[in-house]
Amino acid sequence: MEHYLLIPTLRSVIAPDALVSLVEAAYGLKIARIRLIKAVVLDTYRVWTHQGLLILRVYPSRRRTRPEIDAELDFLAYLQAQGVAVSVAMMRLDGTRLLTLPAPEGTRYAALFTYAPGIPLGKNLAAIRSYGHSLAHIHALADGWPSPRPRTPLDLAYLLDRPLEQLAALAARHDDWAFLQAVAAVVRPRLAALPTSPPHYGYCHGDAGSNNAHVADDGQVTLFDFDFCGPGWRAYDVATFVNGESAEVVQAFMAGYAEVRMLADEELAALPLFQIARSIWLLGMRASYINEWGEIHFTDKFIDYVLAAIKSTFALIKS
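Every value quoted in this text rests on a predicted model; they were computed, and no experiment measured them.

Enquirer: A description of the layout of surface pockets should follow, citing residues and the corresponding values.
Expert: Roughly 860 Å³ of internal volume is contained in the largest pocket. If you go around the largest pocket, you meet 28 residues; those closest to its centre are Asp207, Asn211, Arg278, Leu282 and Arg286. Breaking the lining of the largest pocket down by element, the ones donating at least two residues are α8 (265-288) and α10 (300-318). A per-element tally of the lining of the largest pocket places α8 first, with six residues. A volume near 430 Å³ is recorded for the second largest pocket.

Enquirer: Explain the packing of aromatic side chains residue by residue, including any values.
Expert: One pass over the full model with this rule turns up 16 aromatic pairs. Where Phe75 meets Trp145, the ring centres are 5.1 Å apart and the plane angle is 35°; that geometry is what we call tilted. Of the two residues, Phe75 sits in helix α2 (residues 66-81) while Trp145 sits in the loop between α3 (125-142) and α4 (156-168), which places them 70 residues apart along the sequence. With a relative accessible area of 0%, Phe75 lands in the buried category. On the numbers, 5.1 Å between centres and 90° between planes, the contact of Trp145 with Tyr203 is edge-to-face. In this pair, Trp145 is assigned in the loop between α3 and α4 and Tyr203 in strand β7 (residues 201-204), connecting sequence segments 58 residues apart. The two residues Trp145 and Tyr203 agree in class, both being buried. An aromatic cluster is present here, built from Phe75, Tyr78, Trp145, Tyr203 and Phe226 joined pairwise through their rings.

Definitions and cut-offs
Residues numbered from 1 in each chain as written. Predicted model: local features only at pLDDT ≥ 70, side-chain atom pairs only at ≥ 80, totals over all residues. Heavy atoms only, no water. 1 Å grid on protein atoms, 1.4 Å probe; cavity = no way out; pocket = protein on both sides within 12 Å on 5 of 7 lines; lining within 4 Å. Points joined across faces, edges and corners; volume = space filled by probe spheres on them. Helix = DSSP H or I, 4+ residues; strand = E, 2+ residues; numbered from the N terminus. Phe/Tyr/Trp six-rings, centres within 6.5 Å; stacked < 30°, edge-to-face > 60°. Buried < 20%, exposed > 50% of the residue type's maximum accessible area, 1.4 Å probe, protein only.

Structural measurements only, silent on function.
Okay, structure coming up:
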């Protein structure tokens with residue numbers, strides 16, 4: 001009789017059919033079907049229920065602890081209580097928010113979220129202006145959150161140091177990684193000189209691109225996907241949105257943001273620095289997930305594209 005050792009698993013994908021009964025029992029819902037949308041940083045499922053569409057998100061076991069997930073969900077609940085349109089975690093019948101899933105790689109947690117109605121913002125300038133207003137409102141409200149929970153800071157270690165370590169560990173493209181080290185040596189002290197107190201620094205969305213919001217038929221913009229939220233520079237959130245956008249989109253977004261809060265001159269000057277930092281972070285993140293997502297998400301073509309954007313922005317800040 002052969003004996004088999006349990007083979008280590010980096011990442012499982014929970015079968016949608018297996019989730020139906022679990023979610024129905026936990027939330028008291030009648031589910032028509034569940035379908036996987038994407039399985040990258042976390043696994044996102046669309047859930048069709050008798051109450052309408054919902055979103056189920058399953059967190060990888062090695063990436064987020066339960067206290068970190070609770071901090072995200074608490075922040076969203078606080079924002080909703082203050083009148084901000086955000087997708088929030090729903091309560092289970094027992095008054096808790098998280099499902100516990102015994103996956104092959106270890107315990108995973110899942111949360112069922114309200115659905116953000118509407119469609120992506122696209123080039124809808126009115127919706128983009130509203131998004132800028134909402135993001136600034138979130139920044140302002142975060143400073144008044146009476147009991148902020150600990151989350152991974154979106155600091156220089158997060159944006160530059162760890163990503164560069166992850167890239168340096170790869171055998172190929174040594175010259176490119178050395179170039180990024182040189183760029184970081186210029187960017188790091190300039191970002192380190194920025195204030196680290198409100199309103200410049202505090203809880204942020206963490207991934208404030210236009211793809212993380214929907215606009216409904218009535219013009220209501222709802223934000224979602226706060227998985228990267230945490231304390232950081234608010235200008236980083238702004239830089240994340242405006243990076244690569246057209247002048248008219250940037251103008252609309254900045255006008256909406258300024259309705260709540262004007263960025264200081266030093267924050268405006270730091271936007272291209274944060275765009276470079278985010279690009280380095282993106283390369284490092286994909287490098288760190290190469291054995292989960294595969295090389296298809298970290299191709300030479302992708303690396304060349306990101307490096308070209310970094311070089312273009314870096315040339316501007318040095319001129």
